[in-house]
Amino acid sequence: MKKKALLLASIGALACTVGITAIAVGGGPKLNAVFETKAASKNFTFNAATGSQFESMPDPQDVNVTTGVSDPIHTTVAPESMELTFGEGERFVGAEPMLGECGYSLMIGINNLTHFAIDMGVENDVDKGDEYSITLLDDDRNQVGHWNSSFKLDGDGNGTAHLEWDKEEEGYDGTVVEVNVSLYSMEDSPDANLYIKSMSLYWNC
């Protein structure tokens, strides 16, 4: 019985070795590609150059952003009483208020986000109340990260904010699949500008 079991194990090991050898010899690059794909971390930055894929207008739009490293990233832009301008002044998007309280949101679909960073700001804020809100959601629509604050302004009404989130540093073992970014203006002047300079996303899938 022991000899039979040993023989079967040897045959199985040999078959496995032959199979791997056949793959390695017949298509070595393909085997490497499989392992590289599984292990590869991808990243993409929404910046002024990315702005060319969007239309500057006050209406909502859905854009499948071409990244060059993965499938397109589905992005929904939803302005409310704001004229959006993309790809100008070395910024991904800027927005000038049209009336009263207004703002705009971006909803970005991403599979297994591992790192997120954003640089944003406001110019000529006269009411000192312009705000930003960022939420990361998992595949069950639970909040994984949330930031909500007003911009800290200098004497001219200008302010910037830089935020980062890292999956490993947070010790998070779930899957983040959506990034929501919203900027709000409160009764500002037409000279105000709420902008996102850049957003960087890293993911592993």
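A quick note: this is a predicted structure, and the numbers were derived from the prediction, not measured.

Within the structure shown, the criterion is met by 7 aromatic pairs. Aromatic side chains Phe54 and Phe92 sit 5.3 Å apart centroid to centroid with 80° between the ring planes, which places their arrangement in the edge-to-face category. Taken together, the positions of Phe54 in the loop between β1 (42–46) and β2 (61–65) and Phe92 in the loop between β4 (82–86) and β5 (93–97) put the pair 38 residues apart, joining distant regions of the chain. A single burial state applies to Phe54 and to Phe92, both of which are buried. Note on Phe86 and Phe92: the rings are 5.5 Å apart at their centroids and 65° apart in plane angle, and the pair reads as edge-to-face. On the basis of relative accessibility, which here comes to 6%, the residue Phe86 falls in the buried class. By relative accessible area, which is 0% here, Phe92 ends up buried. Among the aromatic side chains, those forming a connected cluster through ring pairs are Phe44, Phe46, Phe54, Phe86 and Phe92. Its end group placed over the ring of Tyr195, Arg91 keeps NZ or CZ at 3.6 Å from the ring centre.

So, on to the side chain of Lys42. In this fold, Lys42 is placed in strand β1. Buried charged residue Lys42 carries no salt bridge. Nearest counter-charge: Asp71, at 8.7 Å. Excluding its chain neighbours within four sequence positions, the residues that come into contact with Lys42 are Val69, Ser70, Leu201, Tyr202, Trp203 and Cys205.

According to the stated counting rule, one finds 2 salt bridges in the structure shown. Between Arg141 and Glu178 there is a salt bridge; the shortest N-O distance is 2.7 Å. Pair noted here: Arg141 is in the loop between β8 (131–138) and β9 (143–150) and Glu178 is in strand β11 (residues 176–185), with a separation of 37 residues, a long-range link. Judged by its relative accessible area of 51%, Arg141 falls in the exposed class.

The topology assignment puts Asn180 in strand β11. For the pair Asn180 and His146, spaced 34 residues apart in sequence, the C-alpha to C-alpha distance is 9.5 Å. The contact partners of Asn180, leaving out residues within four places of it in the chain, are Leu106, Met107, Ile108, Ser133, Ile134, Thr135 and Leu137. Reaching out from Asn180, the side chain makes a polar contact with the side chain of Glu178 at a distance of 3.1 Å.

Residues of the chain with pLDDT of at least 70 account for 80%, and the chain-wide mean is 84. A low-confidence stretch, residues 1–37 stays under pLDDT 50, and its non-local contacts, those more than four residues away or across chains, total 6 contacts.

Take the nonpolar core next. Ranked by size, the top nonpolar core spans 39 residues in total, and within it Phe46, Tyr104, Phe116, Ile196, Met199 and Leu201 carry the most contacts. Beyond its immediate stretch of four places on either side in the chain, Ile196 contacts Arg91, Phe92, Val93, Tyr104, Leu106, Ile118, Asp119, Met120, Val181 and Leu183.

On to the sheet that holds β11, then. Strands sit in the order β2-β3-β6-β11-β8-β9 across an open sheet of 6 strands; the sheet is antiparallel. Looking along the sheet, the strands with just one partner apiece sit at the ends: β2 and β9. Averaged over all adjacent pairs, the angle separating strand axes in this sheet is 10°, with direction ignored. Across 8 bridges, the pairing between strand β6 (residues 102–109) and β11 is antiparallel. Of the residues in β11, the one forming a bridge with Tyr104 is Leu183.

Further remarks concern the pairing of β2. Of the two faces of β2, only the one carrying Gln61, Val63 and Val65 is buried; Asp62 and Asn64 on the other face are not. Taken together, the 5 bridges between β2 and strand β3 (residues 73–80) define a ladder with antiparallel strand orientation. Bridge pairing links Gln61 to Val77 in β3.

About the criteria used
- Residues numbered from 1 in each chain as written.
- Predicted model: local features only at pLDDT ≥ 70, side-chain atom pairs only at ≥ 80, totals over all residues.
- Heavy atoms only, no water.
- Phe/Tyr/Trp six-rings, centres within 6.5 Å; stacked < 30°, edge-to-face > 60°.
- Helix = DSSP H or I, 4+ residues; strand = E, 2+ residues; numbered from the N terminus.
- Buried < 20%, exposed > 50% of the residue type's maximum accessible area, 1.4 Å probe, protein only.
- Lys NZ or Arg CZ within 6 Å of the ring centre and 35° of its normal.
- Lys, Arg positive; Asp, Glu negative; His and termini not counted.
- Salt bridge = Lys/Arg side-chain N within 4 Å of Asp/Glu carboxyl O.
- Contact = heavy atoms within 4.5 Å.
- Polar contact = N/O pair within 3.5 Å; in protein donor to acceptor, adjacent residues only side chain to side chain.
- pLDDT = per-residue confidence, 0-100.
- Core = buried A, V, L, I, M, F, W, Y, C linked by side-chain atoms within 4.5 Å.
- Pairing = 2+ DSSP bridges.
- Axes fitted to C-alpha atoms, helices over the stretch in contact; angles between N-to-C directions.

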